[in-house]
Amino acid sequence: MARTGEHLILASSSPTRRRLLADAGLEVRVEPARVDEEAIRGRFQAAGGSAADCALALAEAKARQVAANRHDALVIGVDQILMCDGEWFDKPLGLVDARVQLLALRGRTHELSTAACVVRQQAMMWQAVTSARLTVRNFSDTFLNAYLGAEGSAILGSVGSYRLEGRGIQLFARIEGDYFAILGLPLLELLSFLRERRALSS
């Protein structure tokens, strides 16, 4: 639990991230940020920037926007970018887009960069970037149809159109990386920062 007078705010609408923090025993207020993510990604891609650096820039932009009006809070910003053979993937726009994404990832290995930061009063207090490598198996069209039918709109909030905590685990042949970061938040690193700040009991 955060210490008295210093609240925790999650600048994300992700129910998975909120659940991870709640399950870890943190009291967190959710205030989704509204930033022009497409413009930020576009600038990084035009400049030849890395997906990891872009993910951190997005996380920071979200945290700073919310922190501007919450001076007594530690604001957590998070973002993820998936890259496969030089192509960047975002959250699917709908189930048709999800099908296109999954077919593009089928039988290939991709990298998922997860970035998180904590901002207080516009000061960067902590940041972390982790990368995971995930190999999608050569699943059948029949499986894909069943998967999309079972998961439905639940996958539309997930980069790459999969949720490891659900049926999406069946898409993979191999996973290398931190499980919590793949879900959307480098939780162990965040908890360590909060303990160092004495916002959590050590």
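Here, every reference points to the structure presented above.
Since the structure is predicted, the reported quantities are computational estimates derived from the model, not experimental observations.

**Quick word on the side chain of arginine 41**
If you trace the backbone, arginine 41 turns up in helix α2 (residues 37-46). Residue class for arginine 41 comes out buried when judged on its relative accessible area of 15%. Not counting residues up to four positions away in its chain, the partners in contact with arginine 41 are Cys54, Leu58, Ile81, Trp88 and Asp90.

**A look at the layout of surface pockets**
The rolling of a water-molecule-sized probe over the atoms marks out the regions of remaining empty space. There is about 630 Å³ of room inside the largest pocket. Lining the largest pocket are 33 residues, and of these Ser14, Arg17, Lys91, Gly157 and Ser158 sit closest to its centre. Those elements that place two or more of their residues in the lining of the largest pocket are α1 (15-23), α2, β3 (73-84) and α6 (179-183). Its residues placed into classes, the lining of the largest pocket shows 14 nonpolar, eight polar and eleven charged.

**A short note on the pattern of salt bridges**
The tally for this structure, following the rule as stated, stands at twelve salt bridges. Across the pair lysine 62 and glutamate 37 runs a salt bridge whose closest N-O atoms are separated by 3.5 Å. Residue lysine 62 is found in helix α3 (residues 51-67), and its partner glutamate 37 is found in helix α2; the two are separated by 25 residues along the sequence. Note on lysine 62: relative accessible area 9%, which makes it buried. Linked by salt bridges that have partners in common, Glu37, Arg41, Lys62, Asp79 and Asp90 make up one network.

**Remarks on the pairing of strand β6 (residues 123-136)**
Bridge analysis of strand β5 (residues 109-120) against β6 gives twelve bridges, and the strand direction is antiparallel. What sits directly across from arginine 120, in β6, is alanine 123. As paired elements, β6 and strand β7 (residues 172-176) share four bridges and run antiparallel to each other. Bridge pairing links leucine 134 to isoleucine 175 in β7.

**Side note on the packing of aromatic side chains**
Inspection of the entire model under this criterion finds five aromatic pairs. Residues phenylalanine 139 and phenylalanine 143 carry aromatic rings whose centres are separated by 6.1 Å and whose planes lie at 50 degrees to one another, so their mutual orientation is tilted. Like phenylalanine 143, phenylalanine 139 is buried. Centroid distance phenylalanine 143 to tyrosine 147: 6.1 Å. Interplanar angle 15 degrees. Geometry classified as stacked.

Parameters at a glance
In this numbering scheme, every chain counts its residues from 1 along its sequence in written order. Reporting in this predicted model follows two pLDDT cut-offs: at least 70 for local features of residues, and 80 or more for side-chain atom pairs to be given and counted; totals over whole chains, interfaces and linings ignore these cut-offs and use all residues. With hydrogens and water excluded, all non-hydrogen atoms of the structure serve as input to the side-chain values. Helix numbers and strand numbers start at the N terminus; a helix is a DSSP run of H or I with at least 4 residues, a strand a run of E with at least 2. Categorising residues by exposure relies on relative accessible area from a 1.4 Å probe, with only protein chains included: less than 20% of the type maximum marks a residue as buried, more than 50% marks it as exposed, and the intermediate range marks it as partly exposed. Only heavy atoms enter the contact rule, under which two residues are in contact if any of them lie within 4.5 Å. Cavity: a set of points on a 1 Å grid over the protein atoms alone where a 1.4 Å probe fits but cannot get out. Pocket: an open set with protein on both sides within 12 Å along at least five of seven lines, its lining residues, like those of a cavity, having an atom within 4 Å of a point. Grid points are joined across faces, edges and corners, and a volume is the space filled by probe spheres set on the points. Three categories are distinguished: nonpolar for Ala, Val, Leu, Ile, Met, Phe, Trp, Tyr, Cys and Pro, charged for Asp, Glu, Lys and Arg, and polar for the others, with Gly belonging to the last. Criterion for a salt bridge: a side-chain nitrogen of Lys or Arg within 4 Å of a carboxyl oxygen of Asp or Glu. Whether two strands pair comes down to DSSP finding at least two bridges between them. For Phe, Tyr and Trp, where Trp contributes only its six-membered ring, two rings pair if their centres lie within 6.5 Å, and the inter-plane angle classes them as stacked under 30 degrees, edge-to-face over 60, or tilted in between.

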